[in-house]
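# Observations on chain architecture
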Amino acid sequence: MFSGSGAVRTPVVLGVLAGACLLAMLVAIRVGSTALTAHEVLDALRGAGDAGVRAIVVDLRLPRVVQSALVGAALAASGTALQALLRNPLAEPYVLGISSGAAVGAVGTVVLGLTTFGAATIGITALAGALLALVAVLAIARAVGGALDPRTLVLGGVIVSAFLNALLLLALVTTDLERYRAAVFWLLGSNAGATWTNIGGLALVTVAGLAWLVARGRALDALAIGEETAHHLGVAAGRMRLEVLLVASILTAASVSVAGAVGFVGLVVPHMLRFAIAPTQRVHLVASAVGGAAFLVLADLAGRAIAPPNELPLGAVTAFLGAPVFAWLLVRGERARLA
């Protein structure tokens, strides 16, 4: 149980986050080459109003906004779980190489022209790439320490990520111009191609993954304190770590398969909320998912609105916001270690 002001302000923070997410989604639907009023948007969502407006809202903007929210929620929840699991504030799918593995799988599909077998192919290959990257990271960690030590997992992630990024570059420079453009456009991150079919699969994975993580919130609380504490509380640390890593990989692969390589969401959002909510992983996971949804909807909106009619890559927007936070965390952590 938690006490004090945290118990009081947590429901308030969650309510504010939910309201901010809904407001961000409404604004994102309104903004575009054709500006819409809130009344027109609401009418279109009810199936009323002008047919042209309904087409813009339901067929174009709403899928993009919903996909952005789901991707943000999945990546933020993954980052929150990984930070608790590894007891490292710098842990997230991008840093651990999981995102890079998913990107290699998806880009390989584009470069080899395998998308002709259906859009689901990218999802399958992205998941395969993420899982292979995870296996490589685990192998490195075990080779170094003989156990899944949080520090060696992060170092293994850095090594694997660097190698996979080299593979990405090799794949891009050896393909033809048309596939190169398609791969680069996808790799930079975008929700422009959102479809209700992709959203359905992503929603299923995101809800199931988040529910699984929340259900194991107490075990994550114990692991966040330390393996010895977790052991005394009856938590099988090794098995739990593997399961969380697997779920985080699936959530990341699902996100990468539809939106491309979008980094730093799982790093920035959990830290933005860490000191505003009660210190339990269940609450933190839910808050991060809602906050991640709002964050990525706004990032996608910024990419569309900053320099119209051009659109900034979603991955560039999140990196622009996330890289300074990453640097600040590194500096702060080093200063705390030396103090």
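Coordinates for the structure precede this section.
Residues numbered from 1 in each chain as written. Predicted model: local features only at pLDDT ≥ 70, side-chain atom pairs only at ≥ 80, totals over all residues. Heavy atoms only, no water.

## Description of unusual backbone geometry
One non-glycine residue, Phe264, lies in positive phi territory at about 75°. Its location among the elements puts Phe264 in the loop between helix 11 (237-259) and helix 12 (265-273). (Helix = DSSP H or I, 4+ residues; strand = E, 2+ residues; numbered from the N terminus.)

## Brief notes about the packing of aromatic side chains
Any two aromatic rings considered together are summarised by their centre-to-centre distance and by the angle between their planes. Counted under the stated rule, the structure contains 1 aromatic pair. Relative to Phe264, the ring of Tyr94 lies with its centre 5.4 Å away and its plane at 35°, an arrangement referred to as tilted. Linking Tyr94 in the loop between helix 3 (51-86) and helix 4 (98-111) with Phe264 in the loop between helix 11 and helix 12, this pair joins segments that are 170 residues apart in sequence. (Phe/Tyr/Trp six-rings, centres within 6.5 Å; stacked < 30°, edge-to-face > 60°.)

## So, the nonpolar core
Counting 51 residues, the largest nonpolar core has Val107, Leu187, Leu213, Met240 and Val244 as its most contacted members. Within the residue set of this core, elements represented by two or more residues are helix 3, helix 4, helix 5 (120-145), helix 6 (150-173), helix 7 (177-187), helix 8 (196-215), helix 9 (217-225) and helix 11. Of all the elements, helix 11 adds the most residues to this core, at 9 residues. Excluding anything up to four places from it in sequence, Leu187 contacts Ala103, Val107, Leu168, Leu172 and Ala261. Membership of the second largest hydrophobic core comes to 46 residues, among which are Leu62, Ala254, Val268 and Val317. (Core = buried A, V, L, I, M, F, W, Y, C linked by side-chain atoms within 4.5 Å. Buried < 20%, exposed > 50% of the residue type's maximum accessible area, 1.4 Å probe, protein only. Contact = heavy atoms within 4.5 Å.)

## A short note on the packing of helix 9 against helix 13 (residues 281-305)
The packing of two helices is summarised by the inter-axis angle and the distance between the axes. Helix 13 packs onto helix 9 with a crossing angle of 105° between their chain directions and a minimal axis gap of 8 Å. Taken together, the axes of helix 9 and helix 13 lie roughly perpendicular to each other. Of helix 13, the residues touching helix 9 (which contributes Gly217, Arg218, Leu220, Asp221 and Ala224) are Gln281, Arg282 and Leu285. In terms of residue class, the contact of helix 9 with helix 13 is built from 3 nonpolar, 2 polar and 3 charged. (Axes fitted to C-alpha atoms, helices over the stretch in contact; angles between N-to-C directions. Parallel < 35°, antiparallel > 145°, perpendicular 65-115°, else oblique. Nonpolar A, V, L, I, M, F, W, Y, C, P; charged D, E, K, R; others polar.)

## Regarding helix 6
The end-to-end C-alpha distance of helix 6, which contains 24 residues, comes to 35 Å, matching closely the 34 Å that a straight helix rising 1.5 Å per residue would cover. Pro150, Thr152, Leu153, Val154, Gly156, Gly157, Val160, Ser161, Leu164, Leu168 and Leu172 are the residues of helix 6 that are buried. (Expected span 1.5 Å × (residues − 1).)

## Describing the side chain of Thr206
For Thr206, the location among the structural elements is in helix 8. Those residues in contact with Thr206 that sit more than four places away from it in its chain are Leu70, Ala73, Ala74 and Leu251.

## A few points about the environment of Ala44
Here Ala44 lies in helix 2 (residues 38-45). Along the backbone, Ala44 and Ala261 are 217 residues apart, and their C-alpha atoms lie at a distance of 32 Å. Sequence-distant contacts of Ala44, that is, excluding residues within four places in its chain, are made with Val53, Arg54, Val57 and Val58.

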